[in-house]
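Tertiary structure, described
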Amino acid sequence: MTQAKSPKTFRVKSFGCQMNVYDGERMAELLGEQGIAPAAEGEEADLVVLNTCHIREKAAEKVYSDIGRITKRGRKAGKEPLIAVAGCVAQAEGEEIMARAPAVSMVVGPQAYHRLPDMLAKAVRGERASDTDMPAIAKFAALPQRKRINPAAFVTIQEGCDKFCTYCVVPYTRGAEISRPYSDLVSEARKLVEAGAKEITLLGQNVSAWSGENEAGRSVGLGGLIRALAKVDGLARIRYTTSHPADMDDDLIAAHGEVDKLMPYLHLPVQSGSDRVLKAMNRSHTAESYLKLLDRFRAARPDLALSGDFIVGFPGESEAEFADTLALVESVGYAQAFSFKYSPRPGTPAATMDDQIAPEVMDERLQRLQAALRRDQLAFNEASVGERCEVLVERRGKLDGQWLGKSPWLQSVHFTGDVGIGDLVTVDLASAGPQSLGGVLCEPAIA
Ligand code: 5AD
Ligand code: SF4
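As the structure is a computational prediction, the values presented were derived from the model and not from experiment.

Here we come to the site of ligand 1. Neighbouring ligand 1 are Ile55, Arg56, Tyr167, Gln271, Asp309, Ile311, Phe340, Lys341, Tyr342, Ser343 and Arg345. With respect to ligand 1, the side chain of Gln271 contributes an N or O atom lying 2.7 Å from an oxygen atom. Taking 400 Å² as the accessible area of ligand 1 by itself, protein coverage stands at 87%. Looking at the shell around ligand 1, the elements that each hand over two or more residues are β15 (305–312) and β16 (336–341). Split by residue class, the shell around ligand 1 holds five nonpolar, two polar and four charged.

As structure tokens, then:
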């Protein structure tokens, strides 16, 4: 590597889950603190951070082709951009990236990106730097305070996963489950609210596995944390994602009935409706135990909107087993859902299982599943028409005078009126589409 000029502009490209979006924002803040500015739209940046996702598809190949594209475009613009590869591909394949892609000067894992400024200093001197250590708590302590806050903010409360679902790469890339301390989270929530946040979504690969010690030294779970955050003045809404059915305890279920600020929405991945497939996935629940769990949540909070994740075409999945997934979908009536074709991830047990499913079979199953999920999502939205609810205004809509916000059930709602970003307003839901609802602002706003 030759010496480089100190970068003046940067771009962070984040792929994948909300946790990566959060990490990407925090890296952007760190670079901002170094006096580096975000590159203007359409302009080549001096430093590009590829914040990668490893969960599905040909993740590594995509990174190599992105690197090629960035180098080529940089050359055209007469510069040689510094490239950092961050995120889960960096964690899983960092050494190989360093060996195969000389244009990359930094490889930084999801638990080490607080050290990006030091790595950057090295890169400017012409040295390549790689850091895929996993001291997650140190990272949070080292990150700068957040300044620009969306009314709907995110806080990572937990990282990593010990569940080892046989298809999933997360336990290898994000490491073992760790929980951030209770007092750090309560004070971070207070600061976010002071900076303008009205809603906080608690993030983690497995937030329901979060545990900590409250101010009285008592051990508490996610339910206890939510109850503590609900006491933060000015915080109006709390959400959390993602959870695993095995960790949903009584206190969390009760919190859904008792804590008004906890929004009536639950994202609880199920992956399959077939007990044989669930076992092969090492999911530790059955279709029936999952449905029973949902019943308990619904008993606590009858208007709960449900969301899930699904994988079609897991090795050995028969047509009858896929039909069990469709039957589960039918019986739940999801408000929203995410569904994926199984993708063999290197190093996971499922990748070497017999009976991998043909791509065309997966395609066809995914289409059938998504048709059912779309139908349910539209039905859920249509059933909301006529409801009066609070909407948190998050941004302007596409049309003149239009605003976009979220209902308590995480639906996008657009409406017009004299409001501003961050307002909590009362809206009558008046029309429904598959992806969003139209509302009419109630005057005067009650909130
Ligand atoms: N193939 C397809 N989907 C996957 N997911 C995780 N690993 C894989 C994989 N190998 C999905 C699961 C999970 C979501 C975040 O991504 O549905 O809940
Ligand atoms: Fe992956 Fe399973 Fe952990 Fe979710 S619970 S992150 S799917 S191993």
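This part covers the domain arrangement of the chain. Here the chain is partitioned into domain 1 (9–136), domain 2 (145–263) and domain 3 (388–441). Relative to domain 3, the C-alpha centre of domain 1 lies at a distance of 36 Å.

The subject of this paragraph is the packing of aromatic side chains. Per the stated rule, a full pass over the model turns up four aromatic pairs. An angle of 90° between the planes, with centres 5.4 Å apart, marks the rings of Phe310 and Tyr334 as edge-to-face. In this pair, Phe310 is assigned in strand β15 and Tyr334 in the loop between α12 (319–332) and β16, connecting sequence segments 24 residues apart. Accessibility expressed as a relative area gives 0% for Tyr334, which makes it buried. Joined through ring pairs, the aromatic side chains of Tyr167, Phe314 and Tyr342 make up one cluster. The aromatic ring of Tyr64 is capped on one face by Arg100, whose charged end is 3.7 Å from the ring centroid.

This brings us to α12. For α12, which comprises 14 residues, the first-to-last C-alpha distance of 20 Å matches the rise-based estimate of 20 Å (1.5 Å per residue) to within 8%. Along α12, the residues classified as buried are Glu321, Phe322, Thr325, Leu328, Val329 and Val332. What you see down the axis of α12 is that its buried residues fit within an arc of 105°, all on one side. Turned more than 90 degrees from where α12 packs its buried face, Ala320 and Glu330 sit exposed.

Let us look at the pattern of salt bridges. One pass over the structure, following the stated rule, counts 31 salt bridges. A salt bridge links Asp247 to Lys163, with the nearest nitrogen and oxygen atoms 2.9 Å apart. In this pair, Asp247 sits in the loop between β13 (237–241) and α9 (250–258) while Lys163 sits in the loop between β8 (158–159) and α6 (170–173), placing the two residues 84 residues apart along the sequence. For Arg227, the salt bridge identified is with Glu258, shortest N-O distance 2.6 Å. Of the two residues, Arg227 is situated in helix α8 (residues 222–230) and Glu258 in helix α9; the sequence distance between them amounts to 31 residues. Residue Arg227 is classed as partly exposed on the basis of its relative accessible area, which comes to 25%. Here the residues in one salt-bridge network are Glu317, Glu319, Glu364, Arg365 and Arg368, joined through shared partners.

Turning our eyes to something else, we now look at the sheet that holds strand β7 (residues 152–156). Pairing is parallel across the open sheet formed by three strands, whose spatial order is β7-β10-β13. With partners counted over all chains shown, the strands left at the sheet margins are β7 and β13, one partner each. Strand-to-strand twist of the sheet, defined as the mean angle between neighbouring strand axes without regard to direction, takes the value 25°. By the bridge criterion, five bridges tie strand β10 (residues 199–203) to β13 in an arrangement that is parallel. Bridging from a neighbouring strand, Ile200 pairs with Ile238 of β13. Across the sheet, helix α7 (residues 182–194) touches β7 and β10, and the angle it forms with β7 is around 160°.

This part covers the sheet that holds strand β14 (residues 265–267). One open sheet accounts for three strands, arranged β14-β15-β16; its pairing is parallel. Among the strands making up the open sheet, the edge pair consists of β14 and β16. Pairs of neighbouring strands in the sheet enclose a mean axial angle of 10°, with direction left out of account. The sheet contact formed by β14 and β15 spans three bridges and is parallel. Its bridge partner lying in β15, Tyr265 is registered against Ala305. The strands that helix α13 (residues 359–384) touches are β15 and β16; relative to β16, the one it contacts most, it runs at about 175°.

Looking at soluble globular proteins, one finds that nonpolar side chains tend to be buried together. Among the nonpolar cores identified, the biggest contains 54 residues, and Leu202, Tyr240 and Tyr334 are the most heavily contacted of them. Those residues in contact with Tyr240, other than ones at most four positions away along the chain, are Thr201, Leu202, Val207, Leu222, Ile226, Met248, Leu252, His256, Leu262, Leu266 and Phe297. One finds Ile36, Ala86, Leu116 and Val124 within the second-largest nonpolar core, a separate group that totals 24 residues.

Rules and cut-offs
- Residues numbered from 1 in each chain as written.
- Chains lettered and ligands numbered in written order.
- Predicted model: local features only at pLDDT ≥ 70, side-chain atom pairs only at ≥ 80, totals over all residues.
- Heavy atoms only, no water.
- Near = heavy atom within 4 Å.
- Polar contact = N/O pair within 3.5 Å; in protein donor to acceptor, adjacent residues only side chain to side chain.
- Areas by Shrake-Rupley, 256 points an atom, 1.4 Å probe, with all protein chains shown as cover.
- Helix = DSSP H or I, 4+ residues; strand = E, 2+ residues; numbered from the N terminus.
- Nonpolar A, V, L, I, M, F, W, Y, C, P; charged D, E, K, R; others polar.
- Domains from an automatic or database assignment.
- Phe/Tyr/Trp six-rings, centres within 6.5 Å; stacked < 30°, edge-to-face > 60°.
- Buried < 20%, exposed > 50% of the residue type's maximum accessible area, 1.4 Å probe, protein only.
- Lys NZ or Arg CZ within 6 Å of the ring centre and 35° of its normal.
- Expected span 1.5 Å × (residues − 1).
- Arc of directions from axis to C-beta.
- Salt bridge = Lys/Arg side-chain N within 4 Å of Asp/Glu carboxyl O.
- Pairing = 2+ DSSP bridges.
- Axes fitted to C-alpha atoms, helices over the stretch in contact; angles between N-to-C directions.
- Contact = heavy atoms within 4.5 Å.
- Core = buried A, V, L, I, M, F, W, Y, C linked by side-chain atoms within 4.5 Å.

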